[in-house]
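Remarks on the overall topology
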Amino acid sequence: MKNIDSYTHTRGESVYLDDIPTLTGTLYGMVFGSPLAHGKIIHLDISEAMVSEGIVRILTYKDIPGKNQIGGIVPDEPLMAEDEVHYNGMPVAFVVATSVEAAAAAVKKIKIEIDPLPVITNPRVAKANGSLIVPPRTFKIGDINKAFAECKYVIEGTAETNGQEHLYIETQGAYALPAENGAIKVYSSTQGPTAVQRHMADVLGIPMHRIEVDVTRLGGGFGGKEDQATPWAIFCGLASFLLKKPVKYSLHRMEDMRMTGKRNPYTSDYKIGLDQHLNIIAYEVEFYQNAGASADLSPAVLERTLFHTTNSYFIPNVTATAYSCRTNLPPNTAFRGFGGPQGMFVIESAIAKAAEHLGISASVIQQKNLVKTGDEFPYGQIIESEAKVCWDKLHDLNDIKKLEIEIADFNKKNILYKKGISFMPICFGISFTKTPMNQARALVHIYTDGSINISTGAVEMGQGVNTKMIQVAASIFSISPDWIKLNSTNTYRIANTSPSAASATADLNGRAVQVACEALLERLKTIAAESLQCSVTDVEIKEEIIFINGQSADMSWKDLVMAGYLKRISLSEHGHYATPGLHFDMSKEKGHPFAYHVFGTALTSVTVDCLRGTYEVDAVQLVHDFGTSMNPMIDKGQIEGGLVQGIGWMTMEEIVFDEQGRLRSNALSTYKVPDIYSVPKNIDIHFLDTQNDNLAIFKSKAVGEPPLMYGIGTFFAIRNAIKAFNPDSNIEYAAPMTPEKVLLGLYNTKND
Ligand code: LUZ
Ligand code: MOS
């Protein structure tokens, strides 16, 4: 089935926040953000702004009727600054005017006097100052001290990954409308409608039942709208609530880049130990997460880093400790992979460094240590592994020996171009790491003409989840998808939604749709059995026709639905699903947090221009564990997009904050993301079809986040090419591998 959005997307008819027709009298808001990263507010002067043309009102924290607090995990984040600012861009006031231009002009006239305080941007400095968001956590298995004593090789090092700008095509935004009796309706570009509803209720001081959040679709989220869509919606909601007018705010790209958090940068120290057979028997790691100025989702991101400490490998003795460090940057947040990629980069760096030390290819160590079914991860879950199958299939598809000879040959013949390859196995746990979040609901209405309308908690953000929901219902009823319409995501129809995140949206909401549809199907079959005088178990629907014991009856889907209505049965159902079998005990840091894991392996080859430091990704070939894909076209799109986004994070995307905590890479002229010229020249995706039972919807494994981590392979392929040019290069294990860094690495040596 084609993505149901492709028709309106290609015609420009899909409705995003900014396409919602505005009502007469709509006002436009804009945030005034702190010009400094840290300090005490001495005086806020809005007098000049207040007399600016078109100005209606300027809101500060003093106008908040409820709580000035939007922290999701830790209550450490005010909606608007009170007496201190903690990052450059932190909201201080919200200007409401009759037009976007008037709001922008007034924002420029606001003056603020701030007594500056020291600015910390480095997580290690924050840790040294004792400035942590939450207490550190340690995951442990075996006994590393004993194991290190038995190792033949012990290698230590440091690895770093920078942040990443989400760069959803649609920036953050919201449109709030006053409703009767002090209720609010808000259109929000959010992955988490319930998060918006819950925090808005707190800020306005009203119950959640008066807040209707509605989401048609997003122009991308990537985690950036899991928690951080909330403040903009509340600003509009607050202004609308106080002024009884519709209020809209759609952020300019530069406002969005400056004021929102990004992927958490990490800096980490590791020690890896191998025995004489190259088994990794000990691994010790300390992660320093740059959380930014408040907790946001960072404690949960930190947890997912710990869960992915060993990537796709079995290591019997591990101690991993993670620190969430408070700095004066915008609060960092969810980003596709959610801490997993950051943890996986460290173990891959450790393996690469060990291989370099031993003078062998990293793939020898990687292959030797792949996790097997029955192995235990440091957090106690026993694995069902497809790691080796993926690795082996990739090797079956390629003559690696021949490829290595060809590359060595190329590198010998070419002085100024060098090629490098790498393997990148991935293993990603599917489920929210917070067990209670693994639940979802769906509301299915069948109308008397046989057509169906479905609401779920899933937010469509380009990932094709709505198409998959329709596929679930169409296949259970055995009717054409044309009968089924997916509704917007709305907190009045579906309550207490988990955000569309963690790669789990199609699984959780698809299962809820399945529960509802199966209940309706049973009910309809009973009606068919009654009117056709047979037993329920004899009834089957096949392509909109009712069959009795394999014989076509003179009854269509539509007839059956009408018969059900006339018999006064309910043609509506609310399905609830909660992933079974999940548990995790934080006091022991052990349990079974994931429904299942997704595996795969990528082979990346690159060519580096050793005069310029530029590079091209020649090819990425990968074998990916889809389970049984319910929509290969959509899933392939997710793999391609995730891979390229991962390559961007690892190579050209460079976030730069200066020492004052000011974002210097604050526009698309200074922040480079992959374009059509920089994507791999060839992407070759092989489906590993596994029939094994799993908890995925229709056994079609989650596909949203895992492919991003294939991009990590590009870093190591480029590194190998640099080493082919200059074996003494001192290039560090620090992403992104920008052309600038490559150039330095090509000509630096260990003695520099
Ligand atoms: N969000 C979240 C996520 O709240 N919990 C998670 O475990 C998660 N994992 C990936 C992406 N978003
Ligand atoms: Mo996400 S990082 O699954 O919002």
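Note that the coordinates shown come from a computational prediction; the quantities given were computed from them, not determined experimentally. (Residues numbered from 1 in each chain as written. Chains lettered and ligands numbered in written order. Predicted model: local features only at pLDDT ≥ 70, side-chain atom pairs only at ≥ 80, totals over all residues. Heavy atoms only, no water.)

1. Some details on the packing of aromatic side chains
Both the distance between ring centres and the angle between the ring planes are used here to describe each pair of aromatic rings. Going through the model one piece at a time under the given rule, you end up with 22 aromatic pairs. With a centroid separation of 5.3 Å and 15° between ring planes, the pair formed by Y288 and Y323 is classed as stacked. Separated by 35 residues along the polypeptide, Y288 in strand 14 (residues 280-292) and Y323 in strand 15 (residues 318-326) bring together distant segments of the chain. Overall, Y288 belongs to the buried group, its relative accessible area being 8%. Their ring planes at 75° and their centres at 5.3 Å tell us that F307 and F594 sit as a pair that is edge-to-face. Of this pair, F307 sits in helix 9 (residues 298-307) while F594 sits in the loop between strand 26 (590-592) and strand 27 (596-609), and the two are 287 residues apart along the sequence. Classification of F594 as buried rests on a relative accessible area of 0%. In textbook terms, an aromatic cluster arises when at least three aromatic residues are bridged by ring pairs, as seen for F139, F307, F377, Y379, F584 and F594. Lying over the aromatic face of Y323, K127 brings its terminal NZ or CZ to 4.5 Å of the ring centre. Positioned above the aromatic ring of Y168 is the side chain of K225, whose terminal nitrogen or guanidinium carbon lies 4.5 Å from the ring centre. (Phe/Tyr/Trp six-rings, centres within 6.5 Å; stacked < 30°, edge-to-face > 60°. Helix = DSSP H or I, 4+ residues; strand = E, 2+ residues; numbered from the N terminus. Buried < 20%, exposed > 50% of the residue type's maximum accessible area, 1.4 Å probe, protein only. Lys NZ or Arg CZ within 6 Å of the ring centre and 35° of its normal.)

2. Some remarks on the domain arrangement of the chain
As assigned here, the chain comprises domain 1 (6-117 + 166-259), domain 2 (266-432 + 588-747) and domain 3 (439-578). On the side of domain 3, 15 residues touch domain 1, which itself brings 19 residues to the contact. Carbon and sulfur atoms make up 50% of the surface buried where domain 1 meets domain 3, a total of about 1,400 Å² over both sides. Interface area lost by domain 1 to domain 3 is led by Q191, T194 and E212, which between them contribute 32%. Our count for the domain 1 to domain 3 interface comes out at zero salt bridges. Applying the counting criterion to the domain 1 and domain 3 interface returns eleven residue pairs in polar contact (both at pLDDT 80 or more). (Domains from an automatic or database assignment. Contact = heavy atoms within 4.5 Å. Buried area = accessible area lost by both parts, 1.4 Å probe. Salt bridge = Lys/Arg side-chain N within 4 Å of Asp/Glu carboxyl O. Polar contact = N/O pair within 3.5 Å; in protein donor to acceptor, adjacent residues only side chain to side chain.)

3. A short note on a nonpolar patch on the surface
Among the surface-exposed residues, I415, L416, Y417, L611, L743 and Y747 lie close enough to one another that they form a single nonpolar patch of about 580 Å² accessible area. Topologically, L611 is positioned in the loop between strand 27 and strand 28 (615-627). (Patch = residues over 30% accessible without salt bridge, like charges linked within 9 Å, V, L, I, M, F, W, Y side chains within 5 Å. Areas by Shrake-Rupley, 256 points an atom, 1.4 Å probe, with all protein chains shown as cover.)

4. Brief notes about the side chain of N438
On the secondary structure map, N438 appears in the loop between strand 16 (417-430) and strand 17 (439-446). Using a relative accessible area of 3% as the deciding quantity, one classes N438 as buried. In contact with N438, not counting residues within four places along its chain, are S431, F432, L508, Y577, A578, T579 and L582.

5. A closer look at the environment of R124
Tracing the backbone through its elements, the reader meets R124 in helix 4 (residues 123-128). Of the residues examined, R124 reaches a relative accessible area of 27% and is grouped as partly exposed. Other than its neighbours up to four places away in sequence, R124 contacts T158, T267, S268, D269 and Y288.

6. A few points about the sheet that holds strand 29 (residues 682-689)
Sheet architecture is open: four strands sit in the order 16-27-28-29, paired in mixed fashion. Looking at the sheet topology across the chains shown, the edges are occupied by strand 16 and strand 29. Across the sheet, the axes of successive neighbouring strands diverge by a mean angle of 15°, strand direction being ignored. As judged from the nine bridges shared by strand 27 and strand 28, these two strands associate in the antiparallel manner. In the sheet register, V608 faces strand 28, and the bridge partner there is Y615. (Pairing = 2+ DSSP bridges. Axes fitted to C-alpha atoms, helices over the stretch in contact; angles between N-to-C directions.)

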